[in-house]
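Below are the chains, spelled out letter by letter.
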Amino acid sequence: MALIVQKYGGTSVADLERVRNVAQRVIETKNQGNDVVVVVSAMAGETDKLLTLAHEATSMPDERELDVLLATGEQASSALLAIVLQSMGSPVKSFLGHQIKIGTDSAYGKARITSVDADTIFSELREGRIVVVAGFQGEDEAGNITTLGRGGSDTTAVAIAAALKADLCEIYTDVDGVFTANPAICERAHKINRISYDEMLEMASLGAKVLQTRSVEFAKKFGVPIHVRSSFHAGKGTIVCEEESAMEEVVVSGVTYDVNQARIEIAQVPDRPGIAARFFDAISTANILVDMIIQTTSLEEGFANMAFTISKADFPQALAVAQSLAKELEAREVIAEDEVAKISMIGVGMRGHSGVASKMFGVLAKEGINIKMISTSEIKISCIIDAKYTELAVRALHNAFELDKRNG
Ligand code: ADP
Ligand code: ASP
Ligand code: MG
């Protein structure tokens, strides 16, 4: 007998028939002698619908009220699953985030889980009930409802699995597991059997939305094994776990893309100490998260060029800061573009292999794709390119690195 946390995403509970399919799986797991806690997302499209409604009402909806609104999506789906499970004869109770004390900070729309009260869940499990939890939501210290950011139900599931010291956290979704590239745009994408937390962290943060990045951080920190699998077919998916020695043999594990990117360049700023500090201080004061930064200096002319990337949502605000600073510092101009994408190659095996970067640049060059910025870390290489070449770049890299033949 094991304690299993199962999370079902929006497409898996998109209509009543699918909710019944989920209920069937939950009952099967329970009938195998396991304790089951189920975390559900809102029904597919529901969170977007609520967001659109709020933004139709006003261009800047109040953050606190927006979280109260968005949390209703998961309230509905969790209660509906409980009703269906009851109708199938299973003892069950559903809970909202605050009812099982999923404590968070107060960052509305992107709150971080700080605590989970396992006692209520354990006492329900002891009574023989299935526990259904509304994903994506928590409560701050003052009792306000908060939400965890898009894809946040993954994090609810892993946090609960960590708090309960569950044997396994299963993430049921609309694909068969984690693939070497998004199967929606790369038909030769190959399902990965086992992937390390570190690689999965990079893949998630660089655009593979199959798991929310924070859920992988949580899983790594507390050693929760995750099984990402399909809610439509039986069969094994992908296990996300501690790094194993065989994993280093695979040089590149996957290629990801992120089109939610924008790039700003301040051309010809006077090259003197303190300019970068001044600039990025203004950006961070505006609460904008900067991703890549490149500064190039021309010694003869005494000028520097400063380029950086941010997420598209922060683009207007970052541009305003850049323009005002450029004027003050008498820079030549500000070049801004929001039709850019970040393409990344990820693999723990890169630590011991050189040549991945040059091969990646060669593949992009052969397709006539210009690289605007490059950044590397121990296990990843990212390039900023024109967004219109995203799919071409992903497929070309996937082919060139023969990721469809990836082992393991
Ligand atoms: P859910 O609603 O179940 O949480 P999501 O839409 O959040 O599902 O995540 C699943 C989607 O992630 C898939 O439909 C797929 O298109 C996308 N995805 C992007 N990159 C990858 C990848 N490398 N492997 C698997 N799926 C990926
Ligand atoms: N319903 C939320 C979203 O659409 C959370 C989730 O699905 O994980 O982002
Ligand atoms: Mg998701």
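Refer to the structure presented above.
Source: prediction; values computed, not measured.

**Q** I'd like a description of the overall build of the chain, backed by residues and values.
**A** Counting secondary structure elements, the chain contains 11 helices and 18 strands. Dimensions along the principal axes, computed over C-alpha positions, put the chain at roughly 80 × 50 × 35 Å. Residue pairs in contact within the chain that sit at least 24 positions apart in sequence constitute 75% of those at least 6 positions apart. Total accessible area on the chain is roughly 18,500 Å²; 49% of this is exposed by carbon and sulfur atoms. Of the side chains in the chain, 40 bear a positive and 55 a negative charge, and the two mean positions are spaced by 4 Å.

**Q** Describe the packing of aromatic side chains, naming the residues involved and giving the relevant values.
**A** Counted according to the given criterion, the structure contains five aromatic pairs. Ring centres of Phe218 and Phe222 lie 5.5 Å apart, and the angle between their planes is 25°; on these two criteria the pair is classed as stacked. Of the two residues, Phe218 and Phe222 both sit in helix H7 (residues 213-222), four residues apart, roughly one turn of that helix. Look at Phe280 and Phe308: their rings are 5.7 Å apart centre to centre, the planes differ by 80°, and that puts the pair in the edge-to-face class. Taken together, the residues Phe280 in helix H8 (residues 275-285) and Phe308 in strand S15 (residues 303-311) connect sequence positions 28 residues apart. Under the relative-accessibility criterion, Phe308 is labelled buried at 0%.

**Q** Could you give an account of the packing of helix H10 (residues 356-366) against helix H11 (residues 390-400), with specific residues and numbers?
**A** One way to put it is that H10 packs onto H11 with a least axis distance of 10 Å and a crossing angle of 130°. Here H10 is positioned oblique relative to H11, judged by the angle of their axes. Here H10 runs over H11; the crossing is right-handed. Listed contacts from H11 to Lys359, Met360, Val363 and Leu364 of H10 are Ala393, Ala396, Leu397 and Ala400. The class makeup of the residues in the contact of H10 with H11 is seven nonpolar, no polar and one charged.

**Q** I'd love a proper account of the site of ligand 1, names of residues and values included.
**A** If you check the shell around ligand 1, you find 18 residues, and the closest are Lys7, Thr173, Asp174, Phe179 and Asn182. Between ligand 1 and the protein, one listed contact pairs an oxygen atom with a side-chain N or O atom of Lys7 at 3.0 Å. Between ligand 1 and Asp174, the relevant distance is 2.8 Å, taken from an oxygen atom to a side-chain nitrogen or oxygen of the residue. Looking at the shell around ligand 1 residue by residue, the classes come out as 10 nonpolar, five polar and three charged.

**Q** Talk me through the sheet that holds strand S17 (residues 373-377); I want residue IDs and the actual numbers.
**A** Taken together, the six strands give an open sheet; going across it, the order is S14-S15-S13-S16-S18-S17, and neighbouring strands pair in antiparallel fashion. With partners counted over all chains shown, the strands left at the sheet margins are strand S14 (293-298) and S17, one partner each. Strand-to-strand, the axes of this sheet are offset by a mean angle of 25°, without reference to chain direction. Here strand S13 (residues 254-270) pairs with S15 via eight bridges, running antiparallel. Note that in S15 the partner of Pro270 across the bridge is Phe303. The strands touched by helix H6 (residues 197-205) are S13, strand S16 (333-346), S17 and strand S18 (380-386); relative to S16, the strand with the most contacts, the crossing angle is about 145°. Contacts between H10 and the sheet are confined to S16, S17 and S18, with S18 contributing the most and set at about 20° to the helix.

**Q** So what's going on with the sheet that holds strand S1 (residues 3-8)? Which residues, and what values?
**A** The sheet built from eight strands is open, its strands ordered S3-S6-S2-S1-S9-S11-S12-S10 with mixed pairing. Strands with a single pairing partner mark the edges of an open sheet, and in this sheet they are strand S3 (92-95) and strand S10 (194-196). The sheet shows a mean angle of 20° between the axes of neighbouring strands, taken without regard to direction. Relative to strand S12 (residues 238-241), S10 is paired through three bridges, and the arrangement is parallel. For Ile195, the partnering residue across the bridge sits in S12 and is Val240. Packed on one face of the sheet, helix H5 (residues 153-164) meets S1, strand S2 (35-40), strand S6 (130-134), strand S9 (168-173) and strand S11 (226-230) and runs near 175° to S1.

**Q** I'd like to hear about the site of ligand 2, residue by residue, with values.
**A** In the region of ligand 2, the neighbouring residues are Ser41, Ala42, Thr47, Glu74, Phe136, Arg150, Gly151, Gly152 and Ser153. Between ligand 2 and Ser41, the relevant distance is 3.0 Å, taken from an oxygen atom to a side-chain nitrogen or oxygen of the residue. A distance of 3.0 Å is found between an oxygen atom of ligand 2 and a backbone nitrogen or oxygen belonging to Ser153. Within the complex, 87% of the 260 Å² of free accessible area of ligand 2 lies under protein.

**Q** Let's hear about the packing of helix H1 (residues 16-31) against helix H3 (residues 63-87): which residues, and what values?
**A** A pair of packed helices can be characterised by two numbers: the angle between their axes and the separation between those axes. Closest axis-to-axis distance for the H1/H3 pair is 9 Å, and the angle between their directions is 65°. Crossing handedness for the pair H1 and H3: right-handed. Contacts between H1 and H3 involve Leu16, Val19, Arg20, Val22, Ala23, Val26 and Ile27 from the former and Leu80, Leu81, Val84 and Leu85 from the latter. Class assignment of the residues belonging to the contact of H1 with H3 gives a composition of 10 nonpolar, no polar and one charged.

**Q** Mind laying out H3, listing which residues take part and the relevant values?
**A** Its 25 residues give H3 an end-to-end C-alpha distance of 37 Å, which sits within 8% of 36 Å, the value for a rise of 1.5 Å per residue. Taken residue by residue, H3 has Leu66, Asp67, Leu70, Ala71, Gly73, Glu74, Ser77, Ser78, Leu81, Ala82, Val84 and Leu85 as its buried positions. Two or three places before Arg64, at the opening of H3, Asp62 has a side-chain oxygen 3.1 Å from that residue's backbone nitrogen. Phi turns positive, to about 90°, at Gly89, one or two residues after H3.

Reading guide: rules and limits
- Residues numbered from 1 in each chain as written.
- Chains lettered and ligands numbered in written order.
- Predicted model: local features only at pLDDT ≥ 70, side-chain atom pairs only at ≥ 80, totals over all residues.
- Heavy atoms only, no water.
- Helix = DSSP H or I, 4+ residues; strand = E, 2+ residues; numbered from the N terminus.
- Contact = heavy atoms within 4.5 Å.
- Areas by Shrake-Rupley, 256 points an atom, 1.4 Å probe, with all protein chains shown as cover.
- Lys, Arg positive; Asp, Glu negative; His and termini not counted.
- Charge placed at Lys NZ, Arg CZ, Asp CG, Glu CD.
- Phe/Tyr/Trp six-rings, centres within 6.5 Å; stacked < 30°, edge-to-face > 60°.
- Buried < 20%, exposed > 50% of the residue type's maximum accessible area, 1.4 Å probe, protein only.
- Axes fitted to C-alpha atoms, helices over the stretch in contact; angles between N-to-C directions.
- Parallel < 35°, antiparallel > 145°, perpendicular 65-115°, else oblique.
- Left-handed = near helix turned anticlockwise from the far one by under 90°.
- Nonpolar A, V, L, I, M, F, W, Y, C, P; charged D, E, K, R; others polar.
- Near = heavy atom within 4 Å.
- Polar contact = N/O pair within 3.5 Å; in protein donor to acceptor, adjacent residues only side chain to side chain.
- Pairing = 2+ DSSP bridges.
- Expected span 1.5 Å × (residues − 1).

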